[in-house]
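Residue-level structure breakdown
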There are 2 protein chains.
Amino acid sequence: MTDEPVSPSRRGFLRSTALAGAGLVAGAASARAAGPDPKITEVQDWASSFGDAVDAAPYGSPIRFESHVVRRNVEWLTESPVSSINFTPIHALEGTITPQGCAFERHHSGAIELSKQDFRLMINGLVEKPLVFTFEDLLRFPRSVTTAFCECAANGGMEWGGAQLEGCQYTQGMIHNMEYTGVPLRLLLEEAGVNPEGKWVYAEGADASSNGRSMPLEKAMDDVMVAFFANGEALRKEHGYPARLVVPGWEGNMWVKWLRRIAVYDQAVESREETSKYTDLMPDGRARKWTWVMDAKSVITSPSPQVPIRHGKGALVISGLAWSGNGRITRVDVSLDGGVNWQPARISGDAKPKALTRFHLDINWNGEEMLLQSRAIDDTGYLQPTKDELREIRGLNNVYHNNGIQTWWVKADGEVENVEVA
Amino acid sequence: MTDEPVSPSRRGFLRSTALAGAGLVAGAASARAAGPDPKITEVQDWASSFGDAVDAAPYGSPIRFESHVVRRNVEWLTESPVSSINFTPIHALEGTITPQGCAFERHHSGAIELSKQDFRLMINGLVEKPLVFTFEDLLRFPRSVTTAFCECAANGGMEWGGAQLEGCQYTQGMIHNMEYTGVPLRLLLEEAGVNPEGKWVYAEGADASSNGRSMPLEKAMDDVMVAFFANGEALRKEHGYPARLVVPGWEGNMWVKWLRRIAVYDQAVESREETSKYTDLMPDGRARKWTWVMDAKSVITSPSPQVPIRHGKGALVISGLAWSGNGRITRVDVSLDGGVNWQPARISGDAKPKALTRFHLDINWNGEEMLLQSRAIDDTGYLQPTKDELREIRGLNNVYHNNGIQTWWVKADGEVENVEVA
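What counts, and at which threshold
Residues numbered from 1 in each chain as written. Chains lettered and ligands numbered in written order. Predicted model: local features only at pLDDT ≥ 70, side-chain atom pairs only at ≥ 80, totals over all residues. Heavy atoms only, no water. Pairing = 2+ DSSP bridges. Helix = DSSP H or I, 4+ residues; strand = E, 2+ residues; numbered from the N terminus. Buried < 20%, exposed > 50% of the residue type's maximum accessible area, 1.4 Å probe, protein only. Phe/Tyr/Trp six-rings, centres within 6.5 Å; stacked < 30°, edge-to-face > 60°. Lys NZ or Arg CZ within 6 Å of the ring centre and 35° of its normal. Contact = heavy atoms within 4.5 Å. Buried area = accessible area lost by both parts, 1.4 Å probe. Salt bridge = Lys/Arg side-chain N within 4 Å of Asp/Glu carboxyl O. Nonpolar A, V, L, I, M, F, W, Y, C, P; charged D, E, K, R; others polar. Domains from an automatic or database assignment. Polar contact = N/O pair within 3.5 Å; in protein donor to acceptor, adjacent residues only side chain to side chain. Disulfide = S-S within 2.5 Å. pLDDT = per-residue confidence, 0-100. Least-squares fit on C-alpha atoms with pLDDT ≥ 70 in both.

1. Re the sheet that holds strand S18 (residues 343–344) of chain B
The strands making up a sheet associate through backbone hydrogen bonding, with each pair oriented either parallel or antiparallel. Residue and element names in this part refer to chain B. An order of S18-S17-S21-S22-S23 is seen for the 5 strands of this open sheet, with the pairing classed as antiparallel. Either end of the sheet is taken by a strand with one partner, and the two such strands are S18 and strand S23 (416–419). Both strand S17 (residues 329–335) and S18 contribute to a ladder of 2 bridges, which runs antiparallel. Counterpart to Val334 in the pairing with S18 is Gln343.

Now the structure itself:
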């Protein structure tokens, strides 16, 4: 037995590897050229020189080969990039955690730079004792840790009128999933003392838009968090440094960033962001409001329009994400034929309530075209609907809360297109 | 009710805020100057101008205010920075996930740049069908998702001879915790077909050191993964891009990076990394070997030498990490008096097997000095020992597997020092 880079014994078996190449059936099935592969039989440059030292990057970045895995925006989508959106590259990610560096952003007046020294959080309104907290104050309250998805209410919104944005990143990428650490909002409200007539909580950010949103006191006292940390480290500037609201299961617009004020009132404020925006315009011209919860949804992230099948038929990994603002994902079904037949996918890793859940289905692709779909089921028994089922009820005026089933048309050449099935 | 930045009503209650300042007992207790705080009463620059656009940073980085939260190395610790280690800033992190950007690195010949096109993984030795996989091949095998801590066997090693490195980052920072996605090694071994006489698996990296390590076939077939993704995105270069071994619960040196070869043998290779290194030199001069598992351990991350108490007495959050290579953390106790009295801490978030677990204890600090300690208990019933209990058995020759209880001396002025208690 030897560990020399190129040993006689190693050359010995490599002849059989060449033969074995075609024999890979259960998993990898690449047609490999016969004969030894120099990439493994010969000593490579990177095996005969030193790599980077440990002091090369005190804080590291992705390797240059992954430079395509970035947030992307669509310039024509909104009027100004400081009041716009970008999209998480969910087609290129795996597992359930979204790194902050490529987690989608939605700003109403841009991402502001607010230091911990300048940060103040005011609690006022119908409370016994109005308070102003410094950041240092907040660090002295008991902390909790929770993982939650944050989805923009308009995620998939372009799909109401039919597939308009090509690529999983654009159609469903206004979502991210992080592990947050912070103070339960309940503790801050209890510190101030909510008066009996206090029924609603209104949250404002320190940015110019303020992005004020109202929520019932019950939610504020339940699982809402004033978060400082995401995925273990401080919130990034664009995600609300130094503190933001985390509102598990509810639309992203309510996750107020650069948090500045929590006001307790006897009614909802009916601010711009919860009247002319973030309400669902129905066919009869009336706005459906208080649509806070993001209903159960799923999407196949690979294969998808940005991730065509390059390896031809045979073993194929179908990977996707499922989530529900109402609880835990209990099952995800996948269809290869546009919803005629369904088979259950594997849940990989944790299925936490109100958090992204990863599913996988391993198939042996026959090389013929497919209409890939997934549908999520949560622990309330809710089944993700089709887009047409949603349109029947909500019409086409609305851009919010489209949790309809997404269809990817996989062609025989492996290319994938965003389509709808009648 | 108004949302103007400075409303009459707002000025109204701020008078009471000033009074309320001193009344904060349950949580924040900062002595605040009397009178309105202009940081919240006056319109600030960041509330009257635009911030960054969504296209400002396609892949984001930490805000400049957090530039101190980085990996750090100790130059005198090893001979060369390409064969050295750096330390995770665990004193500044929260929750359980470690971002890749500040997760500690250990290299034996530096971090190499290996593209997916150049990557090959060979499986050979006592197998029916020796194989060479391309990266594309690996992507066609069923995937799993798991969260695991990776701890260098030498983490805390300087503590054998007494506290020698000041700061939680340096004493216990050779650890990180990520969510991995990849292929169970079992599936690759089954693809090659392990012969009956195959009892050990030997893993090699593509870097110059190769860092070869042996493990029993049972472990390889159990929970070992060939991982491509960490925290949702591709592995970073310094963490083994494009593929590394994940060996849950076992010492970090076995988590071979830039994976190149998996060989099946009838015995352990007894390579350099598992004989002259990564074995425990006992008092009688003999080396204790096959000390793969990282036993249950914990450390208080804040307060700690790099995180003194600046706010004086009153409400204090004690935060720390616990983990066990044998299973799940079931309890963490904290002592304020050097181990005389113990009280149970809160487990915050998940307590996953073989993964970092966050604990918190909220106390009302009387302003007197403390000897802070934590001790972890896992679901095997194992109790984290004291350093002296370990020394009694293993002596002082060894630098590996020190999971002894760490003591922080908190002084009356809030400064913290790494000490030992007799």
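Structure shown, so let's carry the discussion forward.
2. So, the pairing of strand S8 (residues 213–216) of chain B
Residue and element names in this part refer to chain B. In S8, alternate side chains face the same way, and those of Arg213 and Met215 on one face and Ser214 and Pro216 on the other are all buried. As paired strands, strand S7 (residues 200–205) and S8 are joined by 4 bridges and run antiparallel to one another. Opposite Ala203, over in S8, you have Arg213 as the bridge partner.

3. Some thoughts on the packing of aromatic side chains
Following the criterion strictly, the structure yields 28 aromatic pairs over all chains and no others. Arranged with centres 5.2 Å apart and planes meeting at 25°, the rings of Trp290 of chain B and Trp292 of chain B form a pair that is stacked. Taking the relative accessible area as the measure of exposure, Trp292 of chain B reaches 11% and is therefore buried. Grouped by ring-pair contacts, the aromatic residues Phe119, Phe135, Phe228 and Phe229 of chain A constitute a single cluster. In this structure, Arg375 of chain B is placed above the aromatic ring of Trp342 of chain B, and the distance from its NZ or CZ to the ring centre is 4.2 Å.

4. Structural notes on the environment of Ser144 of chain B
All names here are of chain B. Relative to the elements of secondary structure, Ser144 occurs in strand S5 (residues 144–151). Sequence separation between Ser144 and Thr98 is 46 residues, and the spatial gap between their C-alpha atoms is 20 Å. Other than its neighbours up to four places away in sequence, Ser144 contacts Tyr180, Thr181, Gly182, Pro184 and Met225.

5. Some words on the interface of chain B and chain A
The partner chain A presents 127 residues to the 127 residues of chain B that form the contact. Here chain B and chain A share an interface that buries about 10800 Å² over both sides, 58% of which is from carbon and sulfur atoms. The tally of links between chain B and chain A comes to 14 salt bridges. Ionic pairing is found between Arg120 of chain B and Asp37 of chain A, a salt bridge with its closest N-O pair at 2.4 Å. At 6 residues, helix H1 (residues 8–20) of chain B tops the list of elements feeding residues into the side of chain B that touches chain A. When its residues are assigned to classes, the side of chain B that touches chain A shows 55 nonpolar, 35 polar and 37 charged.

6. Some details on the pairing of strand S7 (residues 200–205) of chain A
All names here are of chain A. Counting buried positions along S7 yields 6 of 6 residues, so the element is predominantly enclosed. Taking every second residue as pointing to the same face, both faces of S7 are buried, with Trp200, Tyr202 and Glu204 on one and Val201, Ala203 and Gly205 on the other. With 6 bridges connecting them, S7 and strand S12 (residues 259–265) associate as antiparallel partners. Bridge assignment links Val201 to a residue of S12, and that residue is Val264.

7. A few points about the domain arrangement of chain A
All names here are of chain A. Domain annotation of chain A identifies domain 1 (100–288) and domain 2 (293–419). Between the C-alpha centres of domain 1 and domain 2 the distance comes to 28 Å. Counting residues at the interface gives 39 residues for domain 1 and 35 residues for domain 2. Of the roughly 3200 Å² buried between domain 1 and domain 2, counting both surfaces, carbon and sulfur atoms make up 54%. Contact with domain 2 buries surface across domain 1, with Phe149, Trp160 and Cys168 losing the most and accounting together for 25% of the total. At the surface where domain 1 touches domain 2, the tally comes to 3 salt bridges. Note that Glu151 is salt-bridged to Lys297, the shortest N-O span being 3.0 Å. Counting the contacts that link domain 1 with domain 2 gives 25 residue pairs in polar contact (both at pLDDT 80 or more). If you list the elements that add at least two residues to the side of domain 1 that touches domain 2, you get strand S5 (144–151), helix H4 (168–172), strand S6 (175–184) and strand S13 (280–281). Among the elements that line the side of domain 1 that touches domain 2, the one with the most residues is H4, at 5 residues.

8. Comments concerning the sheet that holds strand S22 (residues 407–410) of chain A
Residues and elements named next belong to chain A. Taken together, 5 strands build an open sheet; the order of strands is S18-S17-S21-S22-S23 and the sheet is antiparallel. With partners counted over all chains shown, the strands left at the sheet margins are strand S18 (343–344) and strand S23 (416–419), one partner each. Relative to strand S21 (residues 370–378), strand S17 (residues 329–335) is paired through 6 bridges, and the arrangement is antiparallel. Bridging across to S21, Val334 finds its partner in Ser374.

9. A look at the environment of Gln164 of chain A
All names here are of chain A. Within the fold, Gln164 resides in the loop between S5 and H4. Residues Gln164 and Thr78, 86 residues apart in the sequence, show an inter-C-alpha distance of 15 Å. Other than its neighbours up to four places away in sequence, Gln164 contacts Met158 and Glu159.

10. Structural notes on the state of the cysteines
Evaluation of the coordinates by the stated rule reveals 0 disulfides over all chains. Here Cys150 of chain A stays unpaired: no disulfide links it, and the sulfur of Cys152 of chain A, its closest cysteine neighbor, is 8.2 Å away. Not engaged in a disulfide, the cysteine Cys168 of chain B finds its nearest cysteine sulfur in Cys102 of chain B; these two sulfurs lie 13 Å apart.

11. Concerning the side chain of Asn231 of chain B
Along the polypeptide, Asn231 of chain B turns up in the loop between strand S9 (225–230) and strand S10 (233–234). One polar contact links the side chain of Asn231 of chain B to the main-chain carbonyl oxygen of Thr98 of chain B, over a distance of 2.8 Å. With residues up to four places along the chain from it excluded, the contact list for Asn231 of chain B reads Ile97 and Pro99 of chain A together with Ile97, Thr98, Pro99, Gln100, Asn177, Met178 and Glu179 of chain B.

12. Structural notes on the confidence of the model for chain A
Residues and elements named next belong to chain A. Mean pLDDT over chain A: 91, with 92% of residues reaching 70 or higher. Segment residues 1–31: pLDDT under 50, and 65 contacts once partners within four positions in sequence are set aside and those in other chains are kept. Per the prediction output, this complex has pTM 0.93; the corresponding ipTM is 0.93.

13. As for the relation of the copies chain B and chain A
Relative to chain A, chain B is turned by 180° and slid 0.0 Å along the rotation axis, the superposed coordinates differing by an RMSD of 0.0 Å. The symmetry that links the two subunits is that of a two-fold axis. A symmetric contact is evident, with 100% of the interface residues of chain B recurring at the interface of chain A.

14. A word on unusual backbone geometry
The peptide bond linking Ser302 of chain A to Pro303 of chain A adopts the cis configuration, its omega dihedral lying at 0°. Positionally, Pro303 of chain A belongs in the loop between strand S15 (297–302) and strand S16 (314–323). A cis amide bond links Tyr241 of chain B with the next residue in sequence, Pro242 of chain B, at an omega value of 5°. The topology assignment puts Pro242 of chain B in the loop between S10 and strand S11 (244–246). With phi around 65°, Ser210 of chain A is a residue other than glycine that occupies positive phi space. One can find Ser210 of chain A in the loop between S7 and strand S8 (213–216). Here Glu270 of chain B, not a glycine, exhibits a phi torsion of approximately 60°, which is positive.

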